[in-house]
Amino acid sequence: LGRLTQSGSVSLCVRSLRAIGQYDKIVGFENNLENIQTTVSQQRCYHVIKKTFKPSVPYSQICGRPAPESLPYFQVLKNADKPDTFPKYCVRIPSGVQLKVNEPERVIELEGKAGSLTFDMKRIDPEGLVGFLAEKAENSEFCSSLTLTSPIQEKLTKYIEDLQKAIRGVSQGYIVGLTVKGVGYRMEPVDEIPVKYQSWHKSVYYDRSKIEKPPAAYPYKKPSNAVLLKVGFSDPAVFMLPPTIKAFFLKPTMVYLYGLNIDELRKTAMEIRALRKPNVFTGNGIALMDETVRIKARANKK
């Protein structure tokens, strides 16, 4: 009734007051709106709210639907009238490396003295936020430099680092060394992998043939595709390397892994190390060549 009175609907207020029998108690209701609101509140047992309060229970919990998203906050840009400047970086291609860009598929093909490698742009930059400009050498289909730019500095830095790793990989390759320590622990080359394990879904299998093979002469001259590990298991474990990685054995306790992709090489080395991690008390196990194994002191038994 208070809202109706404020809006000018006096006739509706009069009829409402006559209906509840309180019209005669109020004199000059046109000029006394607060008395009308108080009387109606007492008769109807409710309080006329003059202000709008925030509900205690969110509307999304009452109706079971998610709350609508808030409007985006637009920040005023500084120097909006000036053109945007993105960071740029130019990668020079060495003379011994041949680089070719496949723009439709966004793939960079690299070839050098150590081998060939494919650099997938979509794996690092699926959104396509890194732009590139390839400059070809004179009378050649290969690129001499590659200019990169992106509005995101972190993505551009990651892109440049991976590309430089790939260029170094096809130029000279990478080497990661592994050592083994322990009584009777040794690593041996495997020349041939059994046919049933060539399509094995895991990279490790255990040799249960119990066939004694003559010891290999070290340093082993041929690169190996698998590593046989005698590190305390009941049966020797054979780790099958990826096709792009080779193993070179200098000693029974020392092996070097060679590959063009440093990330794949480190991942493979850590998988071999995980078969027998160094013991924290004795140091026995497989460790990286440059790894420092910290030995803990045993507690004195009383």
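To be clear, the structure that these remarks concern was listed above.
Now for a quick tour of the structure. Fair warning: this is a prediction, and the values are worked out from it, not measured in the lab.

### What to know about the environment of leucine 110
Piece 1. Inspection of the secondary structure assignment puts leucine 110 in strand β3 (residues 107-111).
Piece 2. Exposure remark for leucine 110: the relative accessible area of 2% places this residue in the buried category.
Piece 3. Taking the C-alpha atoms as reference, leucine 110 lies 6.9 Å from valine 97; in sequence the two are 13 residues apart.
Piece 4. With sequence-adjacent residues up to four places away left out, leucine 110 is seen in contact with Val97, Gln98, Leu99, Gly115, Ser116, Leu117, Ala166, Ile167 and Val170.

### Considerations on the sheet that holds strand β14 (residues 285-288)
Piece 1. Strand order in the open sheet formed by 4 strands is β12-β13-β7-β14, and the pairing between neighbours is antiparallel. The outermost strands of the open sheet, each flanked by one partner alone, are β12 (246-251) and β14. Taking the axes of each pair of neighbouring strands and ignoring which way they run, one obtains an average angle of 25 degrees across the sheet.
Piece 2. When β12 meets strand β13 (residues 254-259), the two strands line up antiparallel, connected through 5 bridges. Bridge pairing links phenylalanine 248 to tyrosine 256 in β13.
Piece 3. With respect to the sheet, helix α8 (residues 262-275) is in contact with β7 (174-181), β13 and β14, its orientation differing from that of β7 by roughly 10 degrees.

### Section: α8
Piece 1. Spanning 14 residues, α8 covers 21 Å between terminal C-alpha atoms, matching the ideal 20 Å at 1.5 Å per step.
Piece 2. What α8 keeps buried is the set Ile262, Leu265, Thr268, Ala269, Ile272 and Arg273. Burial along α8 is one-sided: seen end-on, the buried residues are contained in an arc of 140 degrees.
Piece 3. Buried residues along α8 sit in contact with α6 (153-171), β7, β10 (226-230), β11 (237-240), β13 and β14.

### Quick notes on the nonpolar core
Piece 1. Leu178, Leu241, Leu257 and Ile272 are the most contacted members of the largest nonpolar core, which totals 25 residues.
Piece 2. Contributions of two or more residues to this core are made by β7, β10, β11, β12, β13, α8 and β14.
Piece 3. Sequence-distant contacts of isoleucine 272, that is, excluding residues within four places in its chain, are made with Leu178, Leu229, Phe239, Leu241, Leu257 and Ile286.
Piece 4. Of all hydrophobic cores here, the second largest spans 21 residues; its members include Val91, Ile93, Leu146 and Ala166.

### Describing the side chain of threonine 268
Piece 1. As for its placement among the helices and strands, threonine 268 is situated in helix α8.
Piece 2. Every residue in contact with threonine 268, bar those within four places of it in the chain, is listed here: Phe239, Leu241, Pro242, Ile245 and Leu257.

### Some thoughts on the side chain of aspartate 207
Piece 1. Within the secondary structure, aspartate 207 sits in the loop between β9 (204-206) and β10.
Piece 2. Nearest to the buried, unbridged aspartate 207 among oppositely charged side chains is lysine 213, at 4.6 Å.
Piece 3. Within the local environment of aspartate 207, its side chain forms a polar contact with the side chain of serine 209, the two groups lying 2.7 Å apart.
Piece 4. Apart from residues lying up to four places away in sequence, aspartate 207 is in contact with Leu228, Asp235, Pro236 and Val238.

### Let's talk about α6
Structurally, the α-helix is built with 3.6 residues per turn, so residues lying three or four positions apart point the same way.
Piece 1. Under the 1.5 Å per step criterion, the end-to-end length of α6 is 27 Å for 19 residues, consistent within 8% with the ideal 27 Å.
Piece 2. When α6 is considered as a whole, its buried residues turn out to be Lys155, Leu156, Tyr159, Ile160, Asp162, Leu163, Ala166, Ile167, Gly169 and Val170.
Piece 3. Those residues of α6 hidden inside the fold are in contact with β1 (88-92), β3, β4 (116-120), α5 (121-124), β6 (143-149) and β7.

### A look at the pattern of salt bridges
Piece 1. Applying the stated rule across the entire model yields 9 salt bridges.
Piece 2. Between lysine 155 and glutamate 127 there is a salt bridge, with its nearest N and O atoms 3.5 Å apart. Taken together, the residues lysine 155 in helix α6 and glutamate 127 in the loop between α5 and β5 (131-136) connect sequence positions 28 residues apart.
Piece 3. Lysine 155 sits in the buried class, given a relative accessible area of 18%.

### Considering the packing of aromatic side chains
Piece 1. All chains considered together, the criterion is met by 4 aromatic pairs.
Piece 2. Taking 5.6 Å as the distance between ring centres and 85 degrees as the angle between the ring planes, the aromatic pair formed by phenylalanine 119 and tyrosine 159 counts as edge-to-face. Remark: tyrosine 159 occurs in helix α6 and phenylalanine 119 occurs in strand β4; sequence separation between them is 40 residues.
Piece 3. For phenylalanine 119, a relative accessible area of 4% translates into the label buried.
Piece 4. The buried category is assigned to tyrosine 159, whose relative accessible area is 1%.
Piece 5. Ring geometry for tyrosine 197 versus tyrosine 205: centroids 3.9 Å apart, planes at 10 degrees, classification stacked. Note on accessibility: tyrosine 197 and tyrosine 205 belong to one class, buried.
Piece 6. In textbook terms, an aromatic cluster arises when at least three aromatic residues are bridged by ring pairs, as seen for Tyr197, Trp200 and Tyr205.
Piece 7. Taking the ring centre of phenylalanine 233 as reference, the NZ or CZ of arginine 276 above it sits at 4.7 Å.

Criteria and thresholds
Residues numbered from 1 in each chain as written. Predicted model: local features only at pLDDT ≥ 70, side-chain atom pairs only at ≥ 80, totals over all residues. Heavy atoms only, no water. Helix = DSSP H or I, 4+ residues; strand = E, 2+ residues; numbered from the N terminus. Buried < 20%, exposed > 50% of the residue type's maximum accessible area, 1.4 Å probe, protein only. Contact = heavy atoms within 4.5 Å. Pairing = 2+ DSSP bridges. Axes fitted to C-alpha atoms, helices over the stretch in contact; angles between N-to-C directions. Expected span 1.5 Å × (residues − 1). Arc of directions from axis to C-beta. Core = buried A, V, L, I, M, F, W, Y, C linked by side-chain atoms within 4.5 Å. Lys, Arg positive; Asp, Glu negative; His and termini not counted. Salt bridge = Lys/Arg side-chain N within 4 Å of Asp/Glu carboxyl O. Polar contact = N/O pair within 3.5 Å; in protein donor to acceptor, adjacent residues only side chain to side chain. Phe/Tyr/Trp six-rings, centres within 6.5 Å; stacked < 30°, edge-to-face > 60°. Lys NZ or Arg CZ within 6 Å of the ring centre and 35° of its normal.

The analysis is restricted to geometry; functional conclusions fall outside its scope.
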